[in-house]
Amino acid sequence: MKNSLICLSVLGLCAAAHAQSSVTLSGTADATLTRGTGSLTSRSGLGSGGNSTSKFALRGTENLGGGLSALFWLESGFLIDSGSGQATSANNQPGGTTAVSGVTFNRRAIVGLAGPWGEVHLGRDWAPMYDAYTGRYDPFGVGVGIALNYSAGITSQNGAVRVSNAVGYTTPKVLGGLSANLQHWAGENPSGTATGRDGTGHGMRLNYDSAAVSAAAHWGRTDYAAGDAVYRALAASYNFGPAKASAIVNHDSQGVLASKGWLVGGWMPLGAGEVKASYSRHRSDAAGEPTAKKLALGYVHNLSKRTALYTTLAHVRNSGGARQALNGATTGPNQSSRGFDLGIRHNF
Amino acid sequence: MKNSLICLSVLGLCAAAHAQSSVTLSGTADATLTRGTGSLTSRSGLGSGGNSTSKFALRGTENLGGGLSALFWLESGFLIDSGSGQATSANNQPGGTTAVSGVTFNRRAIVGLAGPWGEVHLGRDWAPMYDAYTGRYDPFGVGVGIALNYSAGITSQNGAVRVSNAVGYTTPKVLGGLSANLQHWAGENPSGTATGRDGTGHGMRLNYDSAAVSAAAHWGRTDYAAGDAVYRALAASYNFGPAKASAIVNHDSQGVLASKGWLVGGWMPLGAGEVKASYSRHRSDAAGEPTAKKLALGYVHNLSKRTALYTTLAHVRNSGGARQALNGATTGPNQSSRGFDLGIRHNF
Amino acid sequence: MKNSLICLSVLGLCAAAHAQSSVTLSGTADATLTRGTGSLTSRSGLGSGGNSTSKFALRGTENLGGGLSALFWLESGFLIDSGSGQATSANNQPGGTTAVSGVTFNRRAIVGLAGPWGEVHLGRDWAPMYDAYTGRYDPFGVGVGIALNYSAGITSQNGAVRVSNAVGYTTPKVLGGLSANLQHWAGENPSGTATGRDGTGHGMRLNYDSAAVSAAAHWGRTDYAAGDAVYRALAASYNFGPAKASAIVNHDSQGVLASKGWLVGGWMPLGAGEVKASYSRHRSDAAGEPTAKKLALGYVHNLSKRTALYTTLAHVRNSGGARQALNGATTGPNQSSRGFDLGIRHNF
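So, how was this worked out
- Residues numbered from 1 in each chain as written.
- Chains lettered and ligands numbered in written order.
- Predicted model: local features only at pLDDT ≥ 70, side-chain atom pairs only at ≥ 80, totals over all residues.
- Heavy atoms only, no water.
- Helix = DSSP H or I, 4+ residues; strand = E, 2+ residues; numbered from the N terminus.
- Buried < 20%, exposed > 50% of the residue type's maximum accessible area, 1.4 Å probe, protein only.
- Pairing = 2+ DSSP bridges.
- Phe/Tyr/Trp six-rings, centres within 6.5 Å; stacked < 30°, edge-to-face > 60°.
- Core = buried A, V, L, I, M, F, W, Y, C linked by side-chain atoms within 4.5 Å.
- Contact = heavy atoms within 4.5 Å.
- Salt bridge = Lys/Arg side-chain N within 4 Å of Asp/Glu carboxyl O.
- Patch = residues over 30% accessible without salt bridge, like charges linked within 9 Å, V, L, I, M, F, W, Y side chains within 5 Å.
- Areas by Shrake-Rupley, 256 points an atom, 1.4 Å probe, with all protein chains shown as cover.
- Polar contact = N/O pair within 3.5 Å; in protein donor to acceptor, adjacent residues only side chain to side chain.
- pLDDT = per-residue confidence, 0-100.

Some points on unusual backbone geometry
Even without being glycine, E188(A) reaches a positive phi, approximately 65°. Position of E188(A) relative to the elements: it lies in the loop between strand 9 (178-185) and strand 10 (201-209). The class of E188(A) is buried, set by a relative accessible area of 12%. Look at E289(B): it is not a glycine, yet its phi comes out positive at around 50°. With respect to the secondary-structure elements, E289(B) resides in the loop between strand 15 (273-284) and strand 16 (291-302). E289(B) sits in the partly exposed class, given a relative accessible area of 40%.

Here's what the structure looks like:
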């Protein structure tokens, strides 16, 4: 999205009083034909965000002098196939997710300060555990090709991707590319009750980013009286010139139930576009050890820096009683499922 | 709205990388005093969109070279009398309309490509069946004067005005003004069930637009296990210099229940404004053939190209057991109803 | 917010046709660490709008010539701690407030005309009764320091702050600073029923604003079959150079139940910031005369004209059976409560 910002300029009349004022309005409109097939039902239709989540954002920074700046970022996901918005969570707890379809700033709503000492955010923000599953390490990240270890994680993903009521700190980069992110989020239940800490958690992430190598390691935990959710992952990518390869390993748990996953992926330029592939596995230690394996292949054809056509094919094999299915299809235990996306993504 | 676009210019800092970037932010704020009377209850208050629906839109195009361009359009209706948003539909089925009052892009959410070969849209879009009922052929189109054949159509208007999960194609204009629109929309129910095709449909429209004459013909169908909804209409207008006249004929059905309607309308300039009038009839073939006839008279006084004051008077006569009423009033079978709007419309 | 407007300039391509077009996009991102303690439960977390409500607004004016202008203002509150929107009310009645978390224009949605004769607004607008409780007279106005006479008013605050379905008129300033605001709002229930006027009301406010003195007096009433809500208040502030002092007295009632409140407050510059303090009391004439007294102390440190760090401490003492508590804590009858905010506010 960085390559497609629309900056709103300041009117002459305002410029005197607000020389630093600027709001950036940007977003993505991404629609895809989707089809999913399984042993029980199949489903065809139009989906949103097969290559990049449909969204719009208002954001800006203000130079406060002395190396200090203020920032805000309000980002709202929407479904382009129906025009509906997406829910957010008031308290990082399962019941706290409001199932409305009005637009919310579900993807980010922060205000913060940045300086030579790093950056502080307050509000609803990406969790430290999110980075490893983004398009930086998963060649797909969204759509039918998304890694299983992320999409088929433990039951409650509350607090794994984005967290409300959060205070986060990110260090500046040191040692040629090393940085850390620390975050605390509050469930805001009344104290002194059994569920007083439900939805409260904290996490951290280490990143290393150089020209060729990127790596992320995270650990996070959200408290629940019914069993804490704990997230751990390592992710790395290597850009060896003509292509890029990546790997993710994760181990998540909620209470006594744990799950493990891994992914290997790759990107390779092809003409005006890029070929992408990933293979991922997810295994739960529930009875029977339900396991799903996924192969995804995709091609993105760039019409410009902002606009691309894309297609993705994915195939899931289930065992141990698992019944993962793609694009809204349903499949029986140990049956496979296929999915297909064909879409257009436009950044604005 | 074309005459009131606000274009957001690109900051110097961004211009280099995004020479083509532009987002248009436009909309309408329209509020009206309303009153409706019937034989049972009357109702007074403030309404939204008496002359043009209150809305805002984000949209833009990108020149991709070679005659090709990418486009997006996100449009959100709202009620200016309460500030609430409007619901959209996830699946074009009665139960799929979420009754929330948060803002959604209920009016349009598309991404597409345009070229010399025409234009393709993916997302939530105007149905092919919408054009005949807009202000192009109905002098009112919204507000208390709206044609009965549209507002009192068959039970389910899902899929008659806007459709989600849609893929549409519009041809370029040929033969001095002829174009066609083809669209398919998906209900996205799982396959292999009795309602597997509920909400799925397709439609087409032919348009002819020359300096003096405009015409539209549409046919569309949305599948429902309980009875398909089928829409058919012809509409035409003729601009004979000092004034413009129009007519619409429609025949819609859902399962075995059909309804027919027609409208004749006219526009005439008067000073800085315009006088509008329409007479419309709607008859259902349900028991007793409930029938409603409506006369609407209006005046729009332009304060500028963007801003107008307006007033509309409407009278409905019911027979055959019909009890259509205006502006929130209720009336008994075969009783009449009157309605009144007095408002201001401002495009931004 | 006036000091932080972002004005969107008009592209050259559009300028010819829309020389007067302009939309202002502005807002506030305000997040605060909050803590509340009471005798029963305490609560910690992140809050939104401790110094100024988090919001964004689209607004603009159009010069119509002859001293006349058109205006619109769409303003949406949101919670930055979760990214959710805020509900609005369709009919100014308790049941008419839709508890959705999608974004709505709950704070303002108006279109209007302004001229030498004053200003007319149609839509959802500030009630005449709001001004006395804003930051003009209450040093806090929002957050943990807000005056008790406002936050602990009569049961139904519908129609006390903002009203839907409203028509309002504000006079120009005369006699060196005197103006009046008159407003009518509709509940829009059907006529002829016992609750036919529920939610309908009207109010007026007188303002006087000179260099040193500001004053407001309001009276308003919203009809309910269960007992009309009546609002009365006087507020004044005096700026004596190094500091500013204010006072508010109010008397509200709903049916036979009345409540009285008062506040004294003050502002004093301190370095790059400002110290604020208020003491307020609220007493209901319900059985036992439940009474709450609140002391609030705050400091706002300006990092720029647009951005500030702030902190507020508040303490409530209850008697007569009252159990007012702060920041989500709960406290027993006649027990006290404390609250604390520490946050950042950024206008954009």
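Here's the deal with the pairing of strand 13 (residues 244-254) of chain C
Residues and elements named next belong to chain C. With 11 bridges joining them, strand 12 (residues 229-239) and strand 13 adopt antiparallel strand pairing. Looking at strand 13, one finds that R232 is bridged to H251. As consecutive antiparallel partners, strand 12 and strand 13 are separated by four residues, and within that stretch G241 has a phi angle of approximately 85°, a positive value. One ladder, built from 11 bridges, connects strand 13 with strand 14 (residues 257-270); its direction is antiparallel. Looking across to strand 14, one finds that A245 is bridged to G266. Here strand 13 folds back onto strand 14 in antiparallel fashion, the turn holding two residues, of which G255 has a positive phi close to 60°.

Comments concerning the packing of aromatic side chains
Evaluation of the coordinates by the stated rule reveals 21 aromatic pairs over all chains. Here the aromatic rings of F78(B) and F105(C) are separated by 5.2 Å at their centres, their planes lie at 75°, and the arrangement is edge-to-face. Residue F78(B) is found in the loop between strand 5 (68-77) and strand 6 (108-115), and its partner F105(C) is found in the loop between strand 5 (68-77) and strand 6 (108-115); the two belong to separate chains. For F78(B), a relative accessible area of 1% translates into the label buried. A relative accessible area of 1% means that F105(C) is categorised as buried.

Some points on the nonpolar core
Counting residues in each nonpolar core, the largest one holds 63 residues, and the members touching the most others are F105(A), F105(B) and F105(C). With sequence-adjacent residues up to four places away left out, F105(C) is seen in contact with F56(B), F78(B), S82(B), G83(B), V103(B), F56(C), L74(C), E75(C), S76(C) and R124(C).

Quick notes on the pattern of salt bridges
All names here are of chain B. For the coordinates displayed, the defined rule picks out 27 salt bridges over all chains. With a closest N to O distance of 2.6 Å, E75 and R107 form a salt bridge. Highlighted residues: E75 in strand 5 and R107 in the loop between strand 5 and strand 6, separated in sequence by 32 residues. For the pair formed by E75 and R107, the shared burial category is buried.

Focus: the environment of F105(A)
Separated by 18 residues in the primary sequence, F105(A) and A87(A) have C-alpha atoms spaced 8.6 Å apart. With near-sequence residues (within four places) excluded, F105(A) lies in contact with F56(A), L74(A), E75(A), S76(A), R124(A), F56(C), F78(C), S82(C), G83(C) and V103(C).

Structural notes on a nonpolar patch on the surface
Residue and element names in this part refer to chain A. A cluster of nonpolar residues, L33, L234, V249, W262, V264, Y279, L295, L297, L313, F340 and L342, forms a patch on the protein surface that exposes about 930 Å² of accessible area. Elements represented by at least two residues in the nonpolar patch include exactly strand 14 (257-270), strand 16 (291-302) and strand 18 (337-347). Inspection of the secondary structure assignment puts L313 in strand 17 (residues 307-319).

Observations regarding the side chain of T291(B)
Residues and elements named next belong to chain B. The topology assignment puts T291 in strand 16. Overall, T291 belongs to the buried group, its relative accessible area being 1%. A distance of 2.8 Å separates a polar atom in the side chain of T291 from a polar atom in the side chain of R283. Those residues in contact with T291 that sit more than four places away from it in its chain are R281, H282, R283, R317, N318, S319 and A322.

Some thoughts on the confidence of the model for chain A
Residue and element names in this part refer to chain A. Averaged over all residues, the pLDDT of chain A equals 88, while 89% of them reach at least 70. Here residues 1-21 is modelled with pLDDT under 50, and outside its nearest four sequence neighbours on either side it reaches 63 contacts, counting other chains as well. Segment residues 151-156 is flagged for pLDDT under 50; beyond a separation of four residues in sequence, or across chains, it makes 16 contacts in the model. Scoring the predicted complex yields pTM 0.90 and, for the interface, ipTM 0.88.

Describing the environment of A277(A)
Residues and elements named next belong to chain A. Within the secondary structure, A277 is located in strand 15 (residues 273-284). Judged by its relative accessible area of 27%, A277 falls in the partly exposed class. For A277 and W267, which are 10 residues apart along the polypeptide, the C-alpha to C-alpha distance reads 6.7 Å.

Here we look at the pairing of strand 7 (residues 118-126) of chain A
All names here are of chain A. Where strand 6 (residues 108-115) lies against strand 7, seven bridges are found, and the strand directions are antiparallel. Across the sheet, residue V111 finds its bridge partner in strand 7, namely L122. As consecutive antiparallel partners, strand 6 and strand 7 are separated by two residues. Sheet topology places strand 7 next to strand 8 (residues 162-170); seven bridges connect them, and they run antiparallel. If you follow V120 over to strand 8, its bridge partner there is Y169.

As for the side chain of S259(B)
Checked against the element boundaries, S259(B) lands in strand 14 (residues 257-270). A polar contact of 3.4 Å, which involves the side chain of S259(B), links it to the side chain of H282(B).

Some thoughts on the environment of T307(C)
You can see T307(C) is positioned in strand 17 (residues 307-319). The class for T307(C) is buried, based on a relative accessible area of 0%. Remark: the alpha-carbon pair of T307(C) and V230(C), spanning 77 residues in sequence, is separated by 38 Å. Setting aside chain neighbours within four positions, we find T307(C) in contact with E62(A), L64(A), A70(A), H301(C), N302(C), I344(C), R345(C) and H346(C). A polar side-chain atom of T307(C) sits 2.8 Å from a polar atom in the side chain of H346(C).

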